Each structure stands twice: as C-alpha cells, then as structure tokens.
Amino acid sequence: MESVITLSRAQFALTAFYHWMFVPLTLGLGIFVAILETIWYRKRKQEWMDLCKFWMKLFGINFAIGVATGIILEFEFGTNWSNYSWFVGDIFGAPLAIEGIFAFFCESTFFAVMMFGWKKFSPRSHLAATWLTIIGATFSAWWILVANSWMQHPVGMEFNPDQMRNVMTDFWAVAFSPVAVNKFCHTVFSSWSLGGVFVLGVSAWYLLKGQHIDFALKSIKIGGIVGITGILLTIFTGDGSAVQVTKVQPMKLAAMEGLYEGQEGTPLIGFGIVNPDKTYDNDEDPMLFEISIPKGLSVLGRHDLNAFIPGIKDIIDGKDVIDGEIVNTVPYSERIERGKIAQAALRDYDNARKSGDSEALSLADSTLKANYPYFGYGYFNKVDEAIPNVQLVFYTFHLMVIIGGYLLIYLLIALILAYRKPHLLSAKWKKIPVFPLIALVSIPLVWICHQCGWAVAEVGRQPWTIQDILPVGAAISSVSEAQVLTTFIIFAVLFTVLLIAELSIMVKQIKKGPAESID
Amino acid sequence: MTVGKTLWVIVLIKLFIMFAILRVFFFQPVLKGSDEQNAQTVRSNLIEISTDAN
C-alpha cells in the first residue's frame, strides 16, 4: 500500500510539475503581449506590431502545447485518489465547473480570435480579444487555486456522513477565503515575473547574436516592467502567504524553517543546513549550520518583532499563540484520540444506517460532528506521522527565496540599464557578454523558483490531502502498483516529448526572429 | 510544415493519447455506481483503512 501511495504521489507531482512548466508562461507572456498590443493600438507603429506578433507567436506555441495538460490531474483524482475525489466532490464541483467555462468558452474562444483574427476583426475588437484571453486564463487559474486553497484550509463546508461528502455551505467563504485570495495573487504575480524573465532572456539572446537590437531593447524595456512589477507584487503577496500559513498551517511554517522549538522573537534562517538526525523528540540541534536574521520569522509570520512562533514540538504538544498570548491548543496525541473517536462514530453510523436504528444513527452523527475537525488524525498511531518532510520543505523554501531575491536584483538592474544605459546590456567585460549570459541563465532559474514554490506549498502540507481531515493514506484508491508505475512512465515520456517539442519549436521561431512573425 | 500545422498535429496527437488511450485504458474512474453506492463504497473504504491503521 505504501508503495502505491508513494507512486501515486510521485505521479501527481510529475504531472503537476510539467503542467506548471506551461501555465506560468501563459499567464506571464499573456499580460506582456496584451500590453504590447495596447501600445500598438495607441501608437499604430509597425515596430510595435512586429513586437506584438513575435511574442504572440511564442505565447501561442506555449498555449497550444500546454493546453489540457491539467486535465490529466483530474484523471488521477478519479482513478488513484477516488476516496479523496468523492470526499471533496461537492466543494470542487463548482470551482472546477466555473474554471471549465472560463477555460473553454472564454479563454479558448478569444484565443482563436487573438491568433487568427488579425485580418478578420477591427483593431479594437482584436485588442479586446487579446485582453479577454489573458483575463480568461487568469480567472480560470483563480478557480483551480480556490480548489487547492480549500485543501490547505477547508472552510465553508459541513461533512455529510450520508453522502460521505464535504458539502458546501458557503460558496463565498470557499471562493474568497484569505488563503485562496493570497494564493491566487502570489501565483499570478509570480507568473508575471516569469514572463518578464523569459522575455529578457530571449531578447538577450538577440543582443548576444547582434541581431534585432532595437527589437530586443524595446522588449527588455516592457518585459522588464512586467517582470519587476511581478516580482515586487510576488514579494508583497508572499508576505501575505507567510501570515496565512502561520495562522492556518503552523506545521508547514515550522517545516519551512526547520523550527522545532519556538520562541518569542524567532529568527529567520537565511541560509542553513538541516541536521538529518533531528527528530521532534530528540535533543539534536536542528541545524548543522545556519545564518539567521534575528526576529525575522516573528516579523514574517506575525508582523511583530517579539511574536512567538511555534516549532514542530510546540505544535505537537499543543502550544501556539492566539492574540499575542501563549495558549495551549489541542495536542496531537489528543487529536489522534479524537480522530479515532470520529472514525468509530462513522463506523457506528454505518452500522446504524444498515440496521435502521435511528437513535444510534443520531448519536453517532453528533459524536462524528463533534470530533470531525480531527477526523484525519485518527489514521495515525504516532504523532510524528503528521510531520512533513522537513528537509525537503526547508531546502525548497530557501531555494525559492534565494532565487526570488536574485530575480528582484537582476530585473531591477536590467530595467535601469535598459532605460538609462542600454549600450551596457550588450557590452562585454573581458570578452564576456555579461548581461546576455545572466539573462539566459535566469530563464531556468525562474522556473526552478516556481517549482520550489509549489513543492513548499504541497510537500509542506503533507501528510494531508485535506488539512486535518484526510491524509494521503486514506485518500488513495485500491489500484495496483503496476498500473500506477505504467502510467507514471507513460506520463514521464509524454510530457518530456511535449516539453522537447515546445522547446524545439520555440527555439526555431526565436532563431527566425521577429521579421518572420509578420503576416 | 508551418508552425500552425505542427501545433495542430501536436495538439491532436496529445488529445488522442489523453482521451482515447489514457482515459479509456488506464484512468477509468474507480467509483462508477450511483451516488448512494459511491458514498457507501467510500464509507466502507475509510472505515476499513481506519481499522487497518489501528
């Protein structure tokens, strides 16, 4: 069973990883293209049309290759994660249906107009279609992220043991939960920064080759603005994410920082090496090496220099801070007990249902409801089963932050140079074309940064598929290991082929240059 | 072959693999009954897993 869970998780991670190779470029390049077309619409100069059509072509390639790759995740829900899929069905139904409407009726329709309608529509209508394509893509992402956020912080629902589903009781609480709003903004803005970095990288390649210099400089100027706006807003919403995680997923925050025992004025580790021998109940030092910012985590998580941030041991022992006071919450040992009571109540409910005993049914129902917030903990026998992989979460979080910091500096310098000293962008230092090389290296870095962000979000909430309610071990279907392994390999091959196709078609178009993109 | 044609070919092949092969042969939904049957299956599964865990 363990191997099926591990393989199914690996398969889901692989699919999500590849899906997220395409999506942020669609969102980031989309906004860039829409801005270029708006500039052209206002200035009506051919040079802006050339820019717009070239980047629109790259946008179209990415869109076409990446489209529908996310549907495979839904296949996996139904086959590998059927218990989970049924359990969340009522909550996921509405957001995913709305996402489908946005994706297929809004996004795809206007995408067709945007790509093929230059000669069939007026400039104003075409511009509207371009903006509606990117707005549709962005809002379809909203609904996916609403579904994801609900798993991280289940709100606006009530469990119905008859239907065996979490039934939505408040659509607005689900759609506009603070976690969802923050996640949406953080994801979309970080995609803008990715789009900006991509544009700068491709443009820098032209500078390196000494081709299409004016085109490249204009692209860097606008792409730089998109990128820097994106990264600044990403940092701002990242702060909001940290506050939300501190509030609703303290275990994830503790894992992100490798924090086992909290304190008032908790430092933030800027760089560190996690001690692999550290467990929540031994006395080993959690870090082998660290460079810390004093009180940084307290500021990050609670916007208070002296706030208490609970560590993994504190959380397990039921120690947290509410309204500035150190209080005892429910310790994990008690959560496990109450989870087991909830599961026993579900068993009694099932028996009472079958025997038609309404009194027993009512009693089981009330016991289940009273202990339902801890339902998932009943699947554990030891408290450490509820701790995520600290090393993986710590390193991916810090890598994301380090690359994010680098991207901020890089985009800022690139933008200043593009507007103030553009000749330095293609200048060489000891025969080394510094900016083009940095710009090209930054392209894979920004993707690594994105993937790390998702690894933090998803590995950090392990072992839960739905926070506190359903761990991965209970969410899994009874599928065979061979079946999951086979589809894992098929996906790995399929997605790799798609990625190679995307890269080769894009590289071919980039080599052709902007002139070839003009109809 | 133009870029547009290449992309259409890739999209069609991808959709064919996804919906005519993967969906049909590898990703049949596990829960295929009525809502009541599915609820009972999930209830039994979750109870059984909890029994195994204990």
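Each chain has its residues counted from 1, following the order in which its sequence is written. For this description, chains carry letters from A and ligands carry numbers from 1, given in the order in which they are written. Only residues with pLDDT of 70 or above have their local features reported here, since the model is predicted, and side-chain atom pairs are shown and tallied only from 80 upward, although totals for entire chains, interfaces and linings are computed over all residues. No hydrogens and no water enter the side-chain calculation; it runs on all heavy atoms of the structure.

1. Details of the overall build of chain A
- To qualify as a helix, a DSSP run of H or I must reach at least 4 residues; to qualify as a strand, a run of E must reach at least 2; elements of each kind are numbered from the N terminus. Helices and strands together make up the secondary structure of chain A, namely 18 helices and 10 strands.
- Contacts are assigned to residue pairs that have any heavy atoms within 4.5 Å of one another. Put simply, of all contacts in chain A between residues at least 6 apart along the chain, 78% involve residues at least 24 apart.
- The method behind every accessible area is Shrake-Rupley, applied with a 1.4 Å probe, and residues are considered shielded solely by the protein chains displayed. A total accessible area of about 21700 Å² is found for chain A, and carbon and sulfur atoms account for 64% of it.

2. Brief notes about helix α15 (residues 390-420) of chain A
- Given the number of residues in a helix, its expected span is that number minus one, multiplied by 1.5 Å. Taking 1.5 Å as the rise per residue, α15(A) with 31 residues should run 45 Å; its terminal C-alpha atoms sit 45 Å apart, in good agreement.
- Identification of polar contacts relies on pairs of N or O atoms within 3.5 Å, with a donor-acceptor requirement for protein atoms, meaning one able to donate a hydrogen and the other able to accept it, and with residues adjacent in sequence counted only if both atoms are side-chain atoms. N-capping of α15(A) is provided by N389(A), with a side-chain oxygen placed 3.3 Å from the backbone N of Q391(A).

3. A closer look at the pattern of salt bridges
All names here are of chain A.
- Salt bridge, as used here: a side-chain nitrogen of Lys or Arg that lies within 4 Å of a carboxyl oxygen of Asp or Glu. Scanning all chains against the criterion turns up 9 salt bridges over all chains.
- Residue D320 is joined to R302 by a salt bridge in which the shortest nitrogen-to-oxygen separation is 3.3 Å. Of the two residues, D320 is situated in strand β7 (residues 319-322) and R302 in helix α11 (residues 296-302); the sequence distance between them amounts to 18 residues.
- Where D365 meets K369, a salt bridge forms, and the shortest distance between an N and an O atom there is 3.1 Å. Linking D365 with K369, this pair stays in helix α14 (residues 358-371), spanning 4 residues, or about one helical turn.
- A network of salt bridges, in which partner residues are shared, links E47, D214 and K218.

4. Quick word on the packing of helix α3 (residues 71-80) of chain A against helix α1 (residues 3-26) of chain B
- Axis angles are defined between N-to-C directions and span 0 to 180 degrees, where every axis is a line fitted to C-alpha atoms and, for a helix, only to the segment in contact. The interhelical angle for the contact between α3(A) and α1(B), taken along N-to-C directions, is 15°, at an axis separation of 11 Å. As summarised for this structure, α3(A) and α1(B) are arranged roughly parallel, according to the angle between their axes. Note on packing geometry: the crossing formed by α3(A) with α1(B) is right-handed. Contacts between α3(A) and α1(B) involve I71(A), I72(A), F75(A) and T79(A) from the first element and M18(B), F19(B), R23(B) and F26(B) from the second. Geometric relationships in this document are graded by angle, where less than 35 degrees denotes roughly parallel, more than 145 denotes roughly antiparallel, 65 to 115 denotes roughly perpendicular, and other angles denote oblique. Left-handed describes a crossing whose near helix is turned anticlockwise from the far helix by less than a right angle; the clockwise case is right-handed.

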